[in-house]
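# Coordinate analysis (summary)
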Amino acid sequence: AKGAYGRGMEADTEATGHQRADEAFSNDDFDVYRPELELPTATAVLSDTIAERSANRLRDSICDSLASTPSRRNRSSFGSHRDISSFVSHQTAGENSEVGAFHIPRRANGVSTPRFSVLGGRFSVQGARRSIAMVFAHRVVDDDDSDALPAVYPTHILTEKDMKMKKRKRILLVGLCLFAVIGLVAGLVVSITRKRIQPNESIESWAERDLLRCGSETGFQEDFCLAVGAALFGEDYRERVILIDEEVGFGFTALQNNEIDLLVKSRTHTMEREVYLASEKTGFLFTTPYFYTGLVFGGDPAFLTCAETQNITVDCEDMKICIKSGTTSIDVVRELIPEDYIVEVFPSSNDDYLRSLNTPTCNVIASDQPIVAKTNVKRLELKGPYEVGTKIFSKEPLAMVTRVDDPEWNDFVNWVLQALIVADREDITQERAHEMPTTNVFGEQFKNMYVNAIKAVGNYREIYERSMETTISRQGLNLINDKTSGLMYSHPFGNLLDDVSPGREEGGIIDAIFERGYLNCGVLNQSTSGRIGAGKSKTSGMVVDYCYALSAGIFKNDLENTKNERTKILSVSLTEAPTLLENREVDVIGLVEVNIVNDVTGKMSFSQPIYFSDQKGPLALATYQHDTQWASFVYWTVSAIIYAEEENISQDTSRKMPLSNVFGSYHKTMLRDIISAVGNYGDIYNRNIDTLGPRIGRNMLNTGDDPQLYAFPGIID
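Residues numbered from 1 in each chain as written. Predicted model: local features only at pLDDT ≥ 70, side-chain atom pairs only at ≥ 80, totals over all residues. Heavy atoms only, no water.

## Examining the overall build of the chain
For the chain, the count of helices and strands is 27 helices and 21 strands. For the chain, buried positions account for 58% of its 717 residues. Looking at the chain alone, contacts between residues at least 24 apart form 72% of all its contacts between residues at least 6 apart. With an accessible surface of roughly 30000 Å², the chain has 49% of that area assigned to carbon and sulfur atoms. (Helix = DSSP H or I, 4+ residues; strand = E, 2+ residues; numbered from the N terminus. Buried < 20%, exposed > 50% of the residue type's maximum accessible area, 1.4 Å probe, protein only. Contact = heavy atoms within 4.5 Å. Areas by Shrake-Rupley, 256 points an atom, 1.4 Å probe, with all protein chains shown as cover.)

What follows is the structure, given as structure tokens:
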């Protein structure tokens, strides 16, 4: 509680916040301080004899906090100390004019986007400036509009009159606490805002939302939330985007429980998380990555060298590596270092994780590059020598995440991200946002979604330079591919054996394929109409190989039997492709161009691109987007084939592929069966090189050093 007071109201840093809170308690300024667990509020009761002095001091400190530490984007909109004080003075002249009572309306100068912590009601310095409401009283000041967000900043300091009134109600309050504590908190939530969606409520259509609740961190990820909000709501997005500082390990649970609508943090796209995350008993939908990073070690230079070289000799016996629970880092480090040298920790934030270096618990940490960067350690003024390793031990493509039950919402978010990348490529800056094109693919309501997104936060380059450049210089994978280097890059699998999923969804496409006994695989022809008899495209042979790969993964590899009896090849046209997929006449079609029309209007989901054509752009396998399990099966079949080439795994060595339980125990060997049937990406390409032509440019592997950001067609080109 003292830490929350210190961080929220008087401190520029957490350390000084704790110190000032301690002073306040030691001076008997507070008899009680209690943060409400379910609300961004706090309760403070002042001693009668010092009410006026403390009220004035607290008022001044609040004004200082709001006025002197503005957010980076809204610095120009923050009022001065005098401006905000005038609001305080004006309000205290009204009905709340007793000693110590004051009220700052939500629309006062200096009030920007709402931000609060959903765990423990814990404030941060950012929270002090951006929280929806801060209440220092036994009651809240309600808005006239019951549907509005809370409109109170610091509002009421209890005086002697209030204390007498409170004593009269004490017996009643004790009774209520004994029988209805949870009900009381829920009642306060309703009295302040009716916009909170309870975990078991059905979700309204994404296009009809009044609010966007986005789990993120301040800075880089925050801008992606705001870009989506601006595309969704237009000019008044700041009033309707709630940025939630979700804690480490919290995001997927909050998303699954409908506490947030979008997760934008350090969440790596993995097969495990997309198909079946055991802790949540479900999978999730991911956009294309917005940032590529990897695991590195940081810490005491002596032990850092031990970690990087995986040295566990006597010279390194005191090495202790702290790793955050619930992250992909745990699995990566466990493959490198024996368990005895690993300490799993449960920090409340990334900063708390870094502070573990100043405890006897550990002398090395392991996480994504932006987290362990030296600039963060310097900002926290941690003691002792600190260096960051140069070796990257994992792939961590970070993506935005949505629930699995709303693929259209995921499409919307993904194409906002694409707009940021396109604007970067075309050098359309925030000042020139009006140069972005309009679109009607999501309906007239979102005609200006690209313009609004760029107008709000700028293009990808501007976001990066504003929030990330000082931490990690933009290079390698996070640059935009100019079509001259490879884009074949697999995403990590994650922990595929953590738990056995329930397997095939009843009534789903995989289940239907089993009932039918064979896969209906469509090969896109060059005709505009007619299913059979049209001219084959030059990629037809390549598509057939991927059809065989899917059959092998579904039915278990039986080589010739799989190819001849378990796979039915159909020639289809692009115009009829969406209907054939939706009606389940065809299970998968290749190769279809990945563009916004096919994605949104055609209701298709795509694998990673299999082939990049100068005439048609990126070509991939397409499925019906509303069967997300089947879409994931196809996606990870393609990714596994790319991974096999990266790891030099061929048909003869297919047993080196990992086992997997995410599609159920029957499909445990699916990755091995796929490679055993068709080989790796290079093998497939070489078999079809006569029709595909030489393998160059984007069809090459990206080994991790070349640009991987790529703008899919449909926004401008």
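## As for the packing of helix 8 (residues 220-233) against helix 17 (residues 449-457)
Closest axis-to-axis distance for the helix 8/helix 17 pair is 7 Å, and the angle between their directions is 140°. Our pair here, helix 8 against helix 17, has a crossing hand that is right-handed. Of the residues in helix 17, those touching helix 8 at Asp223, Leu226, Ala227, Ala230 and Ala231 are Met449, Asn452, Ala453, Ala456 and Val457. (Axes fitted to C-alpha atoms, helices over the stretch in contact; angles between N-to-C directions. Left-handed = near helix turned anticlockwise from the far one by under 90°.)

## Observations concerning the confidence of the model for the chain
Detailed conclusions should not be drawn from predicted coordinates in areas where pLDDT is low. Of the residues in the chain, 68% have a pLDDT of 70 or more, and the chain-wide mean is 76. In this model, residues 24-59 is a region of pLDDT below 50 whose contacts with residues beyond four sequence positions or in other chains number 88 contacts. Confidence drops under a pLDDT of 50 for residues 527-535, and excluding neighbours within four residues, the segment shows 19 contacts in the predicted structure. (pLDDT = per-residue confidence, 0-100.)

## Details of the pattern of salt bridges
All told, the structure shown has 24 salt bridges when counted by the stated rule. Residues Asp427 and Arg461 are paired through a salt bridge, measuring 3.0 Å at the closest nitrogen-oxygen approach. Taken together, the positions of Asp427 in the loop between helix 16 (407-425) and helix 17 and Arg461 in helix 18 (residues 460-467) put the pair 34 residues apart, joining distant regions of the chain. With a relative accessible area of 37%, Asp427 lands in the partly exposed category. Here Arg516 and Asp587 are joined by a salt bridge, their closest N and O atoms 2.8 Å apart. Here Arg516, found in helix 19 (residues 509-516), pairs with Asp587, found in the loop between helix 22 (577-582) and strand 18 (588-593); they are 71 residues apart in sequence, far enough to count as distant. Arg516 gets classed as partly exposed once you look at its relative accessible area, which sits at 25%. Overall, the relative accessible area of 2% leaves Asp587 in the buried class. Taken together, the salt bridges that share partners define one network made up of Arg209, Arg213, Asp261 and Arg403. (Salt bridge = Lys/Arg side-chain N within 4 Å of Asp/Glu carboxyl O.)

## Digging into unusual backbone geometry
At the junction of Gly590 and Leu591, the peptide bond is cis and its omega measures out at -5° in the coordinates. With respect to the helices, strands and loops of the structure, Leu591 is situated in strand 18. One non-glycine residue, Gln310, lies in positive phi territory at about 55°. In this fold, Gln310 is placed in the loop between helix 11 (301-309) and strand 10 (321-324).

## Focus: the sheet that holds strand 12 (residues 364-368)
Judged by pairing direction, the sheet is mixed, and its 5 strands sit side by side in the order 11-10-12-9-13 without closing on themselves. Only two strands of the sheet have a single neighbouring strand rather than two, namely strand 11 (342-345) and strand 13 (387-388). Bridge analysis of strand 10 against strand 12 gives 2 bridges, and the strand direction is parallel. Within the sheet, the bridge partner assigned to Cys322 lies in strand 12 and is Ile365. Here helix 11 sits on the sheet and contacts strand 9 (295-299), strand 10, strand 12 and strand 13; the angle it forms with strand 9, its principal contact strand, is near 155°. (Pairing = 2+ DSSP bridges.)

## Quick word on the state of the cysteines
Evaluation of the coordinates by the stated rule reveals 4 disulfides. What pairs with Cys214 in a disulfide is Cys225, and their sulfur atoms sit 1.9 Å apart. Note on the Cys214 and Cys225 pair: the S-S dihedral is about -60°, so by sign convention the disulfide is left-handed. Separated by 11 residues along the polypeptide, Cys214 in strand 4 (residues 212-216) and Cys225 in helix 8 bring together distant segments of the chain. The buried category is assigned to Cys225, whose relative accessible area is 0%. Each disulfide pairs two cysteine sulfurs, and for Cys306 the partner residue is Cys316, the sulfurs being separated by 2.0 Å. One quick way to see it: the torsion about the S-S bond of Cys306 and Cys316 is about -75°, and its sign makes the bridge left-handed. (Disulfide = S-S within 2.5 Å.)

## Digging into the nonpolar core
The biggest cluster of nonpolar side chains holds 132 residues, and the ones touching the most others in it are Phe224, Met271, Phe412, Phe442, Met542 and Trp630. Every residue in contact with Met542, bar those within four places of it in the chain, is listed here: Leu591, Ile610, Tyr611, Tyr681, Ile684, Tyr685, Asn688 and Leu692. Counting residues in hydrophobic clusters, the runner-up holds 18 residues, among them Phe297, Phe303, Tyr341 and Ala366. (Core = buried A, V, L, I, M, F, W, Y, C linked by side-chain atoms within 4.5 Å.)

## What about the environment of Arg273?
With respect to the element layout, Arg273 can be found in helix 10 (residues 271-275). Overall, the relative accessible area of 7% leaves Arg273 in the buried class. A sequence separation of 11 residues divides Arg273 from Phe284, and the C-alpha atoms of the two residues are 6.3 Å apart. When neighbours within four sequence positions are excluded, Arg273 is seen to be in contact with Phe252, Arg267, Thr268, Gly283, Phe284, Phe286, Gly326, Thr327 and Thr328.

## Topic: the packing of helix 20 (residues 540-555) against helix 25 (residues 670-678)
Packing of helix 20 against helix 25 leaves a shortest axis separation of 8 Å and a crossing angle of 145°. The element helix 20 and its partner helix 25 pack so that their crossing is right-handed. Taking contact as the criterion, the partners of Asp545, Tyr548, Ala549, Ala552 and Gly553 in helix 20 are, on helix 25, Met670, Asp673, Ile674, Ala677 and Val678. For the contact of helix 20 with helix 25, the class distribution of residues is 7 nonpolar, 1 polar and 2 charged. (Nonpolar A, V, L, I, M, F, W, Y, C, P; charged D, E, K, R; others polar.)

## Quick word on the pairing of strand 9
Burial of strand 9 is extensive: 5 of the 5 residues sit out of reach of the surface. The alternating pattern of strand 9 places Leu295, Phe297 and Gly299 on one face and Val296 and Gly298 on the opposite face, and all of these are buried. Of the pairings in the sheet, the one linking strand 9 to strand 12 comprises 5 bridges and is antiparallel in character. Note that in strand 12 the partner of Leu295 across the bridge is Asp368. When strand 9 meets strand 13, the two strands line up antiparallel, connected through 2 bridges. Across the sheet, Gly299 pairs through a bridge with Glu387, a residue of strand 13.

## Let's talk about the packing of aromatic side chains
All chains considered together, the criterion is met by 30 aromatic pairs. For the ring pair Phe514 and Tyr666, a centre distance of 5.3 Å and an interplane angle of 75° mean the geometry is edge-to-face. In this pair, Phe514 sits in helix 19 while Tyr666 sits in the loop between helix 24 (628-646) and helix 25, placing the two residues 152 residues apart along the sequence. Residue Tyr666 is classed as partly exposed on the basis of its relative accessible area, which comes to 34%. (Phe/Tyr/Trp six-rings, centres within 6.5 Å; stacked < 30°, edge-to-face > 60°.)

## Examining the pairing of strand 18
Taking burial as the measure, the 6 residues of strand 18 include 5 buried ones, the bulk of the element. Taken together, the 3 bridges between strand 16 (residues 519-524) and strand 18 define a ladder with parallel strand orientation. Of the residues in strand 18, the one forming a bridge with Cys521 is Val588. Examined bridge by bridge, strand 18 and strand 21 (residues 617-624) share 3 bridges and lie antiparallel to one another.

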